[in-house]
Amino acid sequence: MELSLSSSLHSTTPASFYLSTNSTSPPRQNLGLFSAAASNFSSRVLLKFNKSSILRQPRPVIVKSQSSSEITNDNDDHGFVLEDVPHLTSFLPDLPPYPNPLKYSQAYAIVKNTFVSPEDVVAQQIVVQKGSPRGIHFRRAGPREKVYFKPEQVHACIVTCGGLCPGINTVIREIVCGLHNMYGVDDVLGIQGGYRGFYSQNTIKLTPKLVNDIHKRGGTFLQTSRGGHDTKKIVDNIQDRGINQVYIIGGDGTHKGAAAISKEVEKRGLQVAVVGIPKTIDNDIADLLQNHFWLTQVLVGWQVIDKSFGFDTAVEEAQRAINAAHVEAECVANGVGIVKLMGRYSGFIAMFATLASRDVDCCLIPESPFYLEGQGGLLEYVEQRLKENGHVLIVLAEGAGQEYVSQSAQAVNGTDASGNRLLLDVGLWLTQEVKDHFTNVRKMEINLKYIDPTYMIRAIPSNAYDNIYCTLLAQSAVHGTMAGYTGFTVGPVNSRHAYIPINRVTEKTNTVRLTDRMWARLLASTNQPSFLQKCEIVRERADKETMEVIDDMRITSI
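Parameters at a glance
The numbers attached to residues start from 1 for each chain and follow its sequence in the written order. Confidence filtering applies because this is a predicted model: local features only for residues at pLDDT of at least 70, side-chain atom pairs given and counted only at 80 or more, and all residues used for totals across whole chains, interfaces and linings. Side-chain calculation: all heavy atoms of the structure are included, whereas hydrogens and water are not. Strands are labelled as partners when DSSP assigns at least two bridges between them. Numbering of helices and strands runs from the N terminus, with a helix taken as a DSSP run of H or I at least four residues long and a strand as a DSSP run of E at least two residues long. A fitted line through C-alpha atoms serves as each axis, taken over the contacting stretch for helices, and the angle formed by two N-to-C directions is quoted from 0 to 180°. Every residue pair with non-hydrogen atoms within 4.5 Å of one another is taken to be in contact. The labels follow the angle: roughly parallel below 35 degrees, roughly antiparallel above 145, roughly perpendicular from 65 to 115, and oblique for the rest. The crossing is said to be left-handed when, going from far helix to near helix, the turn is anticlockwise and less than a right angle, and right-handed when the turn is clockwise. Think of it as three bins: nonpolar holds Ala, Val, Leu, Ile, Met, Phe, Trp, Tyr, Cys and Pro, charged holds Asp, Glu, Lys and Arg, and polar takes everything else, Gly as well. When accessible area is computed with a 1.4 Å probe and restricted to protein chains, residues below 20% of their type maximum are described as buried, those above 50% as exposed, and intermediate ones as partly exposed. Throughout, right-handed denotes a crossover for which the path from the first strand over the helix to the second runs clockwise when the strands point away from the viewer. Within a predicted model, pLDDT stands for the predictor's per-residue confidence, ranging from 0 to 100.

The 4 strands are arranged E17-E18-E16-E19 in an open sheet whose pairing can be described as parallel. Since the sheet does not close on itself, it has two edges, and those belong to strand E17 (362-364) and strand E19 (447-451), each with one partner. Here the strands of the sheet are splayed against their neighbours by 15 degrees on average, with no regard to which way each runs. Bridge count for E17 against strand E18 (residues 391-397) is 3 bridges, and the pairing is parallel. When the sheet's bridge partners are listed, Cys363 is paired in E18 with Val395. Together, strand E16 (335-341), E17, E18 and E19 form the strand contacts of helix H11 (residues 426-441), whose direction differs from that of E19 by roughly 175 degrees.

All right, on to the packing of helix H9 (residues 378-389) against H11 then. Viewed as axis vectors pointing N to C, H9 and H11 meet at an angle of 65 degrees, and their least axial separation amounts to 11 Å. By the angle class used here, H9 and H11 are roughly perpendicular. Relative to H11, the crossing made by H9 is right-handed. Residue-level inspection shows Leu378, Leu379, Val382, Glu383 and Leu386 of H9 in contact with H11, the latter providing Leu430, Val434, His437 and Phe438. Split by residue class, the contact of H9 with H11 holds 7 nonpolar, 1 polar and 1 charged.

Within strand E9 (residues 156-160), 5 of the 5 residues are buried, leaving the element largely enclosed by the surrounding structure. Taken together, the 4 bridges between E9 and strand E10 (residues 188-191) define a ladder with parallel strand orientation. Considered in E10, the bridge of Val159 is made with Ile191. Of the crossover connections in this fold, the one passing from E9 over helix H3 (residues 168-183) to the parallel E10 is right-handed.

This brings us to the confidence of the model for the protein chain. This prediction gives the protein chain a mean pLDDT of 80; 76% of its residues lie at or above 70. Here residues 1-74 is modelled with pLDDT under 50, and outside its nearest four sequence neighbours on either side it reaches 148 contacts, counting other chains as well. Scored below 50 in pLDDT, residues 288-301 makes 43 contacts in the model with residues more than four places away or belonging to other chains.

Counting buried positions along strand E12 (residues 245-250) yields 6 of 6 residues, so the element is predominantly enclosed. Here E12 shows two buried faces, one formed by Gln245, Tyr247 and Ile249 and the other by Val246, Ile248 and Gly250. Of the strand pairs in this sheet, E9 and E12 are connected by 5 bridges, and their pairing is parallel. When the sheet's bridge partners are listed, Cys157 is paired in E12 with Val246. Pairing geometry for E12 and strand E13 (residues 273-278), over 6 bridges, is parallel. The partner of Ile248 across the bridge, within E13, is Gly276.

Okay, structure coming up:
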């Protein structure tokens, strides 16, 4: 049996499957054949990867599958899949390459291997089992021996979109300085005010001198906005200005816009490289929803990028609010501290801040439903901790408990300009519920302090770790665009920076998995109830997989 997987539109192989960014599922008429291939995985069907296909940058990856009885080469790759990124030569085949200027750089003269090999890839999964497929890989980020832009012909632009996040200014600075110092590029334009700045003529010329110290400031030097994306207007402006490199810093919605720009650029046949730098303080971008159906049972729902920039800074700054609330609570009788942190759909900041603090008694996140009253409810637990310790500290993400808040307040059904649903203030709601319960029901005096540090966290400069991380992201983006790649985003995959197709990081929001050990560690740290076993309403909200695991008691604290 031999299956040829290719993104070439000229392939005549009956079982062609397209692995390019524009197609993620096989042609309908080939489903039967691929189903047969999938069913033979148990009999050691092996996927043979054609190494020469990696060397040809403009060409798609070709993967062949054959039974073990047909394998004669010991070097055959087992289940190797490359999630490749588009290259300008895919639609501009006559584009000439040039020697990389880094070849003559004094700074890189001492580097043993200045350039990344065309065969270097980064594995999405590093924990595997014997006999399992090698799985999905991404191109390793870094400088290539050949570039597809002459430095004097580069006209780059940078735009920031969406909400604020620590580290944006560092990314801006390092893109400008990276282009100038590594490749000799002097023409970099800053697009002010987000996507709408493209067609509102809000621009500023960026130089290394101008951006020299912006990394010490919070926010974004270029200003930002939500929404305002108009693909045609944006690409028209890019074309009119002669821009040929577009660096887009933003989250999920921004990356969807970047993907649309990249497709329109390709449609018009423009030599324009488009790259996204993932920005989300909530760390909720880049959860890979696998739809390579023959690997579905193995790889569904794996996080692609390790973390987004600004997240570590946010967790560190959240400690200040948690520490303040803890001091306030433990210094009075029956002290209750409540801290609301960011996390519209994902509770990563609340979870990691709780784990780092070790003072938190209960952490509430959007992924984990909870209930207030009755046996095993939050109010019962709060009373129990007050009796045991004399104080209690609660951390909650802004997206937690929205269904309860909407019952006691006027629901808001709208969305913001980025398409995010508008949230009610769960922190104020919980504060009032706790006060009412202990004052009116339990006739018990409490001293409650509520802290919301949201905008303080968003507006601070990035810490040392995020500064280094942002530098690597920016330089990886610069190397990728100079090498002719487009329609991609950058990020660390298992601590190795890689180029990832944009559509792969916008398929699904990254959320905390209640069946993972990290959440179990939090439960062990706080000793809070899981809220998932005793309330049928909560059980209906929780996903089926989570409830099966909870019922089977497979979550551990290690």
